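# What the coordinates show
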Amino acid sequence: MPKRSDDYMADRREEILRALLRCVEQSGWTATTIDDVAREAGLSKGAVYTHFRNKAALLQGLLDRGMAETARSYAEVTDKASFRRLLADHVACVCTGDAPRLAAGHMEAMLDGVRQPEFRKRIDLAMRHMLDMNCATIARLNPALSPAEQKRKAATLLLLVEGMRSYRISTDVFMQED
């Protein structure tokens, strides 16, 4: 079998992760299987296993992808206005029409994290990464704040977005017309 290029393999992994997100959106994290992901991606189950050894590895792939995207977007923050825009984009994601299903899948994965130590470590690392990115950005934009105050503000921002995501599961209040 000929060796596939790194770009080809990266593209295939991304295709599988996009299929995973579509499955989670449709059925939730818990109900989504490797078979579902393979079918959604138009691949064989073996092709999915070539890139991800199990469902935990799929979750890790999503978390790694999210952390890389976060690092890129936070690196582009140059001032308080661009930080506000970035945070507004995070909040806007919570307000999209598909947000309740995506938020529910997110919460199911978090619950699996409570039940399964392997998932819990991965989710904790991802949350730590988000907290660190917020801290570093706040420190860069307002170096006069103490490290403790920077961390408090960073944690508050993270909790606000996560709280909005949780709230969005059960309500459409963000989308109601006045």
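Rules used throughout
- Along each chain, the written sequence defines residue order, and numbers are assigned to residues from 1.
- Totals for whole chains, interfaces and linings use all residues, but because this is a predicted model, local features are given only for residues with pLDDT of at least 70 and pairs of side-chain atoms are given and counted only at 80 or more.
- Side-chain figures throughout are based on the complete set of non-hydrogen atoms in the structure, without hydrogens or water.
- Secondary structure elements are defined from DSSP: runs of H or I of at least 4 residues count as helices, runs of E of at least 2 residues count as strands, and each element is numbered from the N terminus.
- Expected helix span is computed as 1.5 Å times (number of residues minus one).
- Each residue is assigned to one of three classes by its accessible area relative to the maximum for its type, calculated with a 1.4 Å probe on protein chains only: buried under 20%, partly exposed between the two thresholds, exposed over 50%.
- For the purposes of these results, a polar contact is taken to be a pair of N or O atoms within 3.5 Å, where, inside protein, one atom must be able to donate a hydrogen and its partner to accept one; residues adjacent in sequence count only when each atom of the pair is a side-chain atom.
- Interaxial angle, 0 to 180 degrees, is taken between N-to-C directions of lines fitted to C-alpha atoms, where a helix line uses only the stretch in contact.
- Angle categories: roughly parallel below 35 degrees, roughly antiparallel above 145, roughly perpendicular from 65 to 115, and oblique for all the rest.
- Every residue pair with non-hydrogen atoms within 4.5 Å of one another is taken to be in contact.
- Each residue gets one label: Ala, Val, Leu, Ile, Met, Phe, Trp, Tyr, Cys and Pro are nonpolar, Asp, Glu, Lys and Arg are charged, and the others, such as Gly, are polar.

With that settled, the discussion passes to helix H4 (residues 55–75). Along an α-helix, a turn takes 3.6 residues, which lines up residues three or four apart on a common side. Between its first and last C-alpha atoms H4 spans 30 Å; for 21 residues at 1.5 Å apiece the expected length is 30 Å, and the two agree. Among the residues of H4, Ala56, Ala57, Leu58, Leu59, Gln60, Gly61, Leu62, Leu63, Met67, Thr70 and Tyr74 are the ones counted as buried. The N-terminus of H4 is capped by Asn54, whose side-chain oxygen sits 3.1 Å from the backbone nitrogen of Ala56.

Angle between the axes and distance between the axes: these two values describe a pair of packed helices. For the pair H4 and helix H7 (residues 117–141), interaxial distance at closest approach is 10 Å and the crossing angle is 5°. As judged from the angle between their axes, H4 and H7 are roughly parallel. Here Lys55, Ala56, Ala57, Leu59, Gln60, Leu63, Met67, Thr70, Ala71 and Tyr74 of H4 lie close against H7, whose contacting residues are Glu118, Phe119, Arg122, Ile123, Leu125, Ala126, His129, Met130, Met133, Asn134, Thr137 and Arg140. Across the contact of H4 with H7, the residue classes break down as 13 nonpolar, five polar and four charged.

Now for the side chain of Thr32. Along the chain, the position of Thr32 falls in the loop between helix H1 (6–27) and helix H2 (34–41). A distance of 2.6 Å separates a polar atom in the side chain of Thr32 from the backbone oxygen of Gly28. Setting aside chain neighbours within four positions, we find Thr32 in contact with Leu20, Cys23, Val24, Ser27, Val37 and Lys55.

This part covers the packing of H1 against H4. Interaxial distance between H1 and H4 falls to 10 Å at its minimum, and their mutual angle equals 105°. The angle between H1 and H4 falls in the class roughly perpendicular. For the pair H1 and H4, the contacting residues are Arg13, Glu14, Ile16, Leu17, Arg18, Leu20 and Leu21 in the first and Leu58, Gly61, Leu62 and Arg65 in the second. Across the contact of H1 with H4, the residue classes tally to six nonpolar, one polar and four charged.

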